[in-house]
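If you want the building blocks of each chain, they are given just below.
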Amino acid sequence: MRGKLSAAVWRLAIFVSACLVGTFALLLIFAQLRFQQEKLYQAEFTDVSGLKEGEFVRIAGVEVGKVKKISITPKAIALVGFSADDSVVLTEGTRAAIRWSDPIGGRYLALVEGAGPVGRLNPGQTIPLSRTEPALDLDTLLGGFRPLFRALNPEQVNALSGQLIEAFQGQGPAIGSFLSQAGALTGKLADRDALIGQVIGNLNTVLGSLGGQSDQFAKAVDSLSRLVDGLAARKSDISNALAYTNASTARIAGLLGQARPPLQTAVQQTDRTAGIVVADHAYFDDLLNTLPDSYRVLSRLGLYGDFFSFYLCEAVLKVNGKGGQPVYVRVANQVSGRCTPK
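The rules behind the values
Counting from 1, residues in each chain are numbered in the order their sequence is written. Since the coordinates come from a predicted model, pLDDT governs what is reported: local features require at least 70, and pairs of side-chain atoms require 80 or more to be given and counted, while whole-chain, interface and lining totals use all residues. With hydrogens and water stripped out, all remaining heavy atoms of the structure feed into the side-chain values. Each pair of aromatic rings taken from Phe, Tyr and Trp, with Trp reduced to its six-membered ring, is defined by centres within 6.5 Å and is described as stacked if the planes are under 30 degrees apart, edge-to-face if over 60, and tilted in the remaining cases. A ring has a charge above it when a Lys NZ or an Arg CZ is no more than 6 Å from the ring centre and no more than 35 degrees off the ring normal. Salt bridges are defined as contacts in which a side-chain nitrogen from Lys or Arg sits within 4 Å of a carboxyl oxygen from Asp or Glu. Numbering of helices and strands runs from the N terminus; a helix is a DSSP stretch of H or I covering at least four residues, while a strand is a stretch of E covering at least two. Relative accessible area decides the class of each residue, using a 1.4 Å probe on protein chains only: under 20% of the type maximum gives buried, over 50% gives exposed, and in between gives partly exposed. By convention in this document, the label disulfide applies to cysteine sulfur atom pairs within 2.5 Å. Two strands are counted as paired when DSSP detects at least two bridges linking them. What pLDDT conveys is the predictor's confidence in a given residue, as a value from 0 to 100.

## Focus: the packing of aromatic side chains
Then, number 1: As enumerated under the stated definition, the model contains one aromatic pair in all.
Then, number 2: Over the ring of Tyr108 we find Arg58; its NZ or CZ atom is 4.7 Å from the centre of that ring.

Structure follows, in structure tokens:
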């Protein structure tokens, strides 16, 4: 029995150890942790839009560090703190540039060796504005090629956008690929000249039909012009009406806000009353059936004014007698006149 228990404990320990090792490996991969010694530097930029803390620092495409901190100086200059591996040597001619890692907004910090002094840049020193380059304005770049993108399918747009980003970020070999993409587009447009001619012919037909109905079109334009002139002439009335409507809406909203608690109470009481009526519906039905006759009798009694006249025909006093038995004492009794039994 003890041997089986020991074997089970050993198996459990091995399983738990394997799980811990796998969890630690996944943590290292997805958290992108770095354990080697690093040096900290800073760089000044005029614009760091899209760059976030934790993004990679790369030299020639190789990851050598991460962006640690992004702050703003009193002179409205963005200050980026980044780390680099201990094996990386930065000089006083090193340039820092923010590059696009993908067309959907990802960025990284690129370190490029440029012209300048070859003195070593010590940890903690700052790369000045004269040796930094902000990210390319991708919106303006791709916006200029929007008419071109409309003729491409999504896969071609993605490929061409990536080539554009790489080309305009200083990666010269990508220009050839971009020109190839543009050449392929031109070839496709040339192959579709018949389709383009058909589209132009359809446009000519549409324009011809509009030209044949120029009188109706002119009348429609004149009517629209008169409508706009009329609205412009009454712009003061329209603005006043909108202002009054706004004020009325505010007042109605305030009124509904004040009336909400009483309405809520009324709804609750109505629900409670409905429950009582349903529980004793037989009595309520009898009340509704006999109430009209009772009101007719009361209306005859009030014919002489805003009062009711009653005749005392009999008065009986009920008192407790010996042993708690009731004793009835007749105080008044009249059996003639209006009190004659029928």
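## Concerning the pattern of salt bridges
Then, number 1: The tally for this structure, following the rule as stated, stands at seven salt bridges.
Then, number 2: One salt bridge in this structure joins Arg99 and Glu133, with 3.6 Å as the shortest N-O distance. Of this pair, Arg99 sits in strand 5 (residues 94–100) while Glu133 sits in strand 8 (residues 132–133), placing them 34 residues apart in sequence.
Then, number 3: By relative accessible area, which is 12% here, Arg99 ends up buried.
Then, number 4: Arg234 serves as the salt-bridge partner of Asp237, at 3.6 Å between the closest nitrogen and oxygen.

## Describing the state of the cysteines
Then, number 1: As enumerated under the stated definition, the model contains one disulfide in all.
Then, number 2: Between the sulfur atoms of Cys313 and its disulfide mate Cys339 the distance is 1.9 Å. Between Cys313 and Cys339, the S-S dihedral sits near -80°, and the bridge is therefore left-handed. Of the two residues, Cys313 is situated in the loop between helix 9 (281–301) and strand 9 (314–320) and Cys339 in the segment after strand 10 (326–333); the sequence distance between them amounts to 26 residues.
Then, number 3: According to the relative accessible area criterion, Cys313 is partly exposed, its value standing at 26%.
Then, number 4: Judged by relative accessible area, which is 12%, Cys339 ranks as buried.

## With respect to the sheet that holds strand 5
Then, number 1: One open sheet accounts for eight strands, arranged 7-1-4-3-2-6-5-8; its pairing is mixed. Each edge of the open sheet is held by one strand with a lone partner, namely strand 7 (126–127) and strand 8.
Then, number 2: The pairing of strand 1 (residues 38–45) with strand 4 (residues 78–85) spans eight bridges and is antiparallel. Pairing of Phe45 across the sheet is with Ala78, part of strand 4.

## Comments concerning the confidence of the model for the protein
Then, number 1: Per-residue confidence for the protein gives a mean pLDDT of 78; residues scoring 70 or more make up 77%.
Then, number 2: Per-element mean pLDDT across the protein ranges from 56 in helix 2 (residues 138–144) up to 91 in strand 4.

## Observations regarding the pairing of strand 4
Then, number 1: Among the eight residues that make up strand 4, eight are buried, leaving the element largely enclosed by the rest of the structure.
Then, number 2: Judged by which residues are buried, strand 4 turns out to be covered on both faces: Ala78, Val80, Phe82 and Ala84 on one side and Leu79, Gly81, Ser83 and Asp85 on the other are all buried.
Then, number 3: With antiparallel pairing between neighbouring strands as the criterion, strand 3 (residues 62–72) and strand 4 make up a hairpin whose turn holds five residues, including Ala76 at a positive phi of roughly 60°.

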